[in-house]
Amino acid sequence: MAAVVEMLGITKRFPGIVANDKVNLVVEQGEIHALLGENGAGKSTLMNILFGLYQPDEGIIRIKGQEVKVTDPNMANRLGIGMVHQHFMLVQPFTVTENIVLGSEVKRGPFLDMETAEKKVMELSEKYGLDVDPKAKIEDISVGMQQRVEILKTLYRGADILIFDEPTAVLTPQEIAELMQIMRNLVNEGKSIIFITHKLKEIMAISDRITVIRRGRYIGTVTKADTNPDQLANMMVGREVIFKVEKRPANPGSPVLEIKDIEGMGNRGVRALNKVNLEVHAGEIVGVAGVDGNGQTELIEVLTGLRKATSGTVKINGKDITNQTPRKIAESGVGHIPEDRHKRGLVLDYSVADNLVLNTYYKEPYSKSGILQSQAIAEHARNLIGLFDVRTPSETTLARSLSGGNQQKAIVAREVDRDPDVLIAAQPTRGLDVGAIEFIHKKLVEQRDKGKAVLLFSLELDEIMSLSDRIAVIYEGRIVGIVKPEEVTDHDLGLMMAGGTLEKEKGGTD
Ligand SMILES: Nc1ncnc2c1ncn2[C@@H]1O[C@H](COP(=O)(O)OP(=O)(O)OP(=O)(O)O)[C@@H](O)[C@H]1O
Ligand SMILES: [Mg+2]
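Residues numbered from 1 in each chain as written. Chains lettered and ligands numbered in written order. Predicted model: local features only at pLDDT ≥ 70, side-chain atom pairs only at ≥ 80, totals over all residues. Heavy atoms only, no water.

## What to know about the packing of aromatic side chains
Each pair of aromatic rings is reported with the distance of its centres and the angle of its planes. One pass over the structure, following the stated rule, counts 3 aromatic pairs. Centroid distance Phe14 to Tyr54: 5.3 Å. Interplanar angle 75°. Geometry classified as edge-to-face. Placement of the pair is Phe14 in strand 1 (residues 3-14) and Tyr54 in the loop between helix 1 (43-50) and strand 4 (58-63), with a sequence separation of 40 residues. Residue Phe14 is classed as partly exposed on the basis of its relative accessible area of 28%. Look at Tyr54 and you get partly exposed, because its relative accessible area is 30%. (Phe/Tyr/Trp six-rings, centres within 6.5 Å; stacked < 30°, edge-to-face > 60°. Helix = DSSP H or I, 4+ residues; strand = E, 2+ residues; numbered from the N terminus. Buried < 20%, exposed > 50% of the residue type's maximum accessible area, 1.4 Å probe, protein only.)

## Describing the domain arrangement of the chain
Taken domain by domain, the chain holds domain 1 (3-237), domain 2 (244-333 + 460-510) and domain 3 (345-417). Contacts between domain 1 and domain 3 engage 8 residues on the former and 7 residues on the latter. Across the interface of domain 1 and domain 3, roughly 570 Å² is buried in total on both sides, 45% from carbon and sulfur atoms. There are 1 salt bridge connecting domain 1 and domain 3. Residues Arg391 and Glu38 are paired through a salt bridge, measuring 3.2 Å at the closest nitrogen-oxygen approach. (Domains from an automatic or database assignment. Contact = heavy atoms within 4.5 Å. Buried area = accessible area lost by both parts, 1.4 Å probe. Salt bridge = Lys/Arg side-chain N within 4 Å of Asp/Glu carboxyl O.)

## Some thoughts on the side chain of His33
Structurally, the position occupied by His33 is in strand 3 (residues 32-37). Judged by relative accessible area, His33 falls into the buried class, the value being 0%. Among the polar contacts listed, one links the side chain of His33 to the side chain of Thr211, at a separation of 2.7 Å. Beyond its immediate stretch of four places on either side in the chain, His33 contacts Leu25, Val26, Val27, Ile193, Ile194, Phe195, Arg209, Ile210, Thr211 and Thr221. (Polar contact = N/O pair within 3.5 Å; in protein donor to acceptor, adjacent residues only side chain to side chain.)

## Thoughts on a nonpolar patch on the surface
Taken together, the side chains of Val91, Phe94 and Leu102 define a hydrophobic patch exposed on the protein surface, amounting to about 210 Å² of accessible area. Residue Val91 is classed as partly exposed on the basis of its relative accessible area, which comes to 31%. (Patch = residues over 30% accessible without salt bridge, like charges linked within 9 Å, V, L, I, M, F, W, Y side chains within 5 Å. Areas by Shrake-Rupley, 256 points an atom, 1.4 Å probe, with all protein chains shown as cover.)

## Details of the UniProt feature "domain: ABC transporter" (unreviewed entry) in the chain
The UniProt entry lists residues 5-240 and 257-501 under the feature "domain: ABC transporter" (unreviewed entry), expressed in the numbering used here. Annotated as residues 257-501, this span is 34% helix and 27% strand, and its ends, taken at the C-alpha atoms, are 26 Å apart. (UniProt positions renumbered as here; feature names shortened; annotations may be inferred.)

## Thoughts on the confidence of the model for the chain
Averaged over every residue, the pLDDT of the chain is 92; residues scoring 70 or more account for 96%. A low-confidence stretch, residues 504-510 (pLDDT under 50), is modelled with 7 contacts involving residues beyond four sequence positions or located in other chains. (pLDDT = per-residue confidence, 0-100.)

What follows is the structure in structure tokens.
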């Protein structure tokens, strides 16, 4: 086996932080090489260096044995390196093929030959089992499909070294299984893959070797066959990680959030919510389980004022808040950890400190007689950064330059700190490392034990099963059943999520 990528002694400094400190990464031809490390460990930075987006301060890079300077992404393309970013970059109103051809250097004359391009896209799509429609518009296809377009983009440019930066974080379980198959197809055709993920299950399922970095430093490279999840977690965070959520039985009080007969429309003008009924009591965590796209997003949006309900009511502590503004709802005691941290959670060009007072800046002590109190805002930020272990050089750093997982931790810190009566947590641990997940889970249970109501939306069944006191299953915009986690198996839940009922299995009807 020959090494296709050798990154040796790579160092990269940013103001106030050494993001990569003499890191080594050696990838062999035809392997899936996982890159593992905590949030902010320096994974994306290392990959941005390989892809020519950043220049290293020290270290050398060899591609297929040849020492190179990857000056920019075009240079990376010429070297056969392609990257699918953590947050992808497609032009929404354009078609798949237009997006793939866009920015590609292989143009013939002033006019793009779309027909030939479409044919080539189709061929590549079939060869690797991507199943992409070259004529579809980006805005009409799912996130999973958009990701495949990003993969096709790299293949179209002839890449044989593929970098996948947390590709599974945005996918549903079904899409993850399909992506794994695509990755296998790619290596079978001789491609080499660098795969970043926080999910140890995925690493154990698909990688050949794993390189671990921690706080910018190289920890080691192990072969999958010689390791296990416990060892990997330990290498990664430098201590034991408890994968199980520790919690006492719930002690629920009176209902805090009451959802009655809520109906609402989806983006395409079809009814997305069909008489949703659900109560969340003080001191309990209710998990909403469902296959992605069964009304979860619309329900979250109605509950937080981002979408109008067409009928029904939502009450908080007995007070009707249906269809009020997001700010009014927030002030009624609703906290919200949003699904999409870039669209709803953070203002990327504001400092971390300003982001941490995004929905409280106009109140004391952050504002007095209409004047912002920068001292109080900074102090509040430093406090939360410490408590929630947000890895940032300082509170004045822009949110944009935090690693993906640390952006997420900042949002969770802000919302939990407000101590809302109802906390709506949507995919709260998406993109987080195992240590951070353990911490966030603890925080959610803490809120519960303080007598708050927590409504958890998650596509991870493990998370739903281990955190929830009750589980509400959503299917085609309706709550089709409420169960206790100790009374069901994953299989039962899966069945209900697919529209079946447990009674049916036992011979009953719906
Ligand atoms: N452009 C930048 N300017 C300043 N600091 C940066 C920049 N890019 C990254 N950093 C810092 O470098 C460190 C490493 O970040 P990086 O994004 O590489 O982490 P990561 O391992 O990919 O984490 P995650 O799992 O959360 O995505 C972080 O402390 C981050 O804040
Ligand atoms: Mg990253």
